[in-house]
Amino acid sequence: MLQNLLQAAEPVMLQPEPGMTLSQTFMAGGWHFMALITLVLACALFAAWKAPAWVKPLGKVAIAIGVLSFLMGVQDMADCCAKVGSEIPFSVYCSGFKVALIAPIYSIIVYVIITIADTVRRPRI
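Nothing here was measured: the structure is a model prediction, and the numbers come from that model.

*Asks:* What exactly am I supposed to notice about the nonpolar core here?
*Replies:* Generally speaking, nonpolar side chains in soluble globular proteins are found buried as a group. One finds I37, V40, V55, L58, I65, V110 and I114 to be the most contacted residues of the largest nonpolar core, which totals 17 residues. Sorting the residues of this core by element identifies α3 (31–50), α4 (55–84) and α6 (102–121) as the ones contributing at least two each. Looking at this core, the element that brings in the most residues is α3, giving eight residues. Every residue in contact with I37, bar those within four places of it in the chain, is listed here: A62, I65, G66, A103, Y106, S107 and V110. Of all hydrophobic cores here, the second largest spans five residues; its members include M77, C81, V84 and V92.

Now the structure itself:
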């Protein structure tokens, strides 16, 4: 039964290993959400130069994308666990949450970078 769970959950829950490269972690976090968050970062850094009023809202968009990716990741994990049945080890749940948290952590890092860029861009008093 556990083997069936691992086979069903393999595409959804790519568990990041301690020795994973940055690109492998990027793919494990869901490349579509990670790419969107990276695009928001690039847009915010460009906006800091051309349209400073857009910088803070773009940071909030990055956080929103991170939260959305977390919720969708937890939903995928719950769907995989529901397909298998009742005997699911706690480590499977923990690995699912670990993978689901990659994009939100990345979005928080992006938000911090955007906030620093906005602070540096502001005129000094």
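*Asks:* In this structure, what is going on with the packing of aromatic side chains? I would like to understand it.
*Replies:* Working definition: an aromatic ring pair is given by the centre-to-centre distance plus the angle between the planes. All chains considered together, the criterion is met by two aromatic pairs. Ring centres 5.7 Å apart and planes at 75° place the aromatic pair F46 and W49 in the edge-to-face group. Separated by three residues within a single helix, F46 and W49 lie in helix α3, roughly one turn from each other. Taking 6.4 Å as the distance between ring centres and 35° as the angle between the ring planes, the aromatic pair formed by F70 and F97 counts as tilted. Here the residue F70 occupies a position in helix α4, and F97 occupies one in helix α5 (residues 90–100), the gap between them amounting to 27 residues. Looking at F97, the relative accessible area reads 34%, which means it is partly exposed. Sitting over the ring of W49, K50 keeps its end group 4.8 Å from the ring centre.

*Asks:* So what exactly am I meant to see when it comes to a nonpolar patch on the surface here?
*Replies:* A contiguous nonpolar patch, built from L45, L101, I105, I109 and I113 and spanning about 410 Å² of accessible area, is present on the exposed surface. Here the element with the most residues in the nonpolar patch is α6; it accounts for three residues. With respect to the helices and strands, I109 occurs in helix α6. Judged by relative accessible area, I109 falls into the partly exposed class, the value being 45%.

*Asks:* Help me out: how do you make sense of the packing of α4 against α6 in this one?
*Replies:* A pair of packed helices is characterised by two quantities: the angle between their axes and the separation of those axes. It is at 8 Å that the axes of α4 and α6 come closest, and there the two elements cross at 175°. On the basis of their axis angle, the class for α4 and α6 is roughly antiparallel. Between α4, through V55, K56, L58, G59, K60, A62, I63, G66, S69 and F70, and α6, the contact on the second element is made entirely by A103, P104, S107, I108, V110, Y111, I114, T115 and D118. Here the contact of α4 with α6 is composed, by residue class, of 11 nonpolar, five polar and three charged.

Scoring rules and cut-offs
- Counting restarts for each chain, with residues numbered from 1 along the sequence as it is written.
- Per-residue local features of the predicted model are confined to residues with pLDDT of at least 70, and side-chain atom pairs are confined, for both listing and counting, to 80 or more; whole-chain, interface and lining totals are unaffected and use all residues.
- By convention in this description, side-chain values take in all heavy atoms of the structure and omit both hydrogens and water.
- Remark: nonpolar core denotes a set of buried residues (Ala, Val, Leu, Ile, Met, Phe, Trp, Tyr, Cys) joined through side-chain atoms within 4.5 Å.
- Any residue under 20% of the maximum accessible area for its type is buried, any over 50% is exposed, and the rest in between are partly exposed; the area is computed with a 1.4 Å probe on protein chains only.
- Labels follow the DSSP assignment, with helices taken as runs of H or I lasting at least four residues and strands as runs of E lasting at least two, numbered in each case from the N terminus.
- Throughout, a residue-residue contact means that at least one pair of heavy atoms, one from each residue, lies within 4.5 Å.
- A pair of aromatic rings is counted whenever rings of Phe, Tyr or Trp (Trp by its six-membered ring) have centres within 6.5 Å, and the orientation is called stacked for planes under 30 degrees apart, edge-to-face for over 60 and tilted otherwise.
- When the NZ atom of lysine or the CZ atom of arginine is within 6 Å of a ring's centre and also within 35 degrees of its normal, the charge is said to sit over that ring.
- Two joining distances apply to patches: 9 Å for like charges and 5 Å for nonpolar side chains (Val, Leu, Ile, Met, Phe, Trp, Tyr), and every residue must have over 30% relative accessible area and no salt bridge.
- Per-residue and other accessible areas follow the Shrake-Rupley method at a 1.4 Å probe size, with only the shown protein chains counted as cover for residues.
- Think of a salt bridge as a Lys or Arg side-chain nitrogen and an Asp or Glu carboxyl oxygen that are within 4 Å of each other.
- Between the N-to-C directions of two axes lies an angle of 0 to 180 degrees, each axis being a line fitted to C-alpha atoms and, for a helix, fitted only over the stretch in contact.
- In what follows, roughly perpendicular refers to angles from 65 to 115 degrees, roughly parallel to angles under 35, roughly antiparallel to angles over 145, and oblique to any angle outside these ranges.
- In the scheme used here, Gly and all other residues not listed as nonpolar or charged are polar, with Ala, Val, Leu, Ile, Met, Phe, Trp, Tyr, Cys and Pro taken as nonpolar and Asp, Glu, Lys and Arg as charged.

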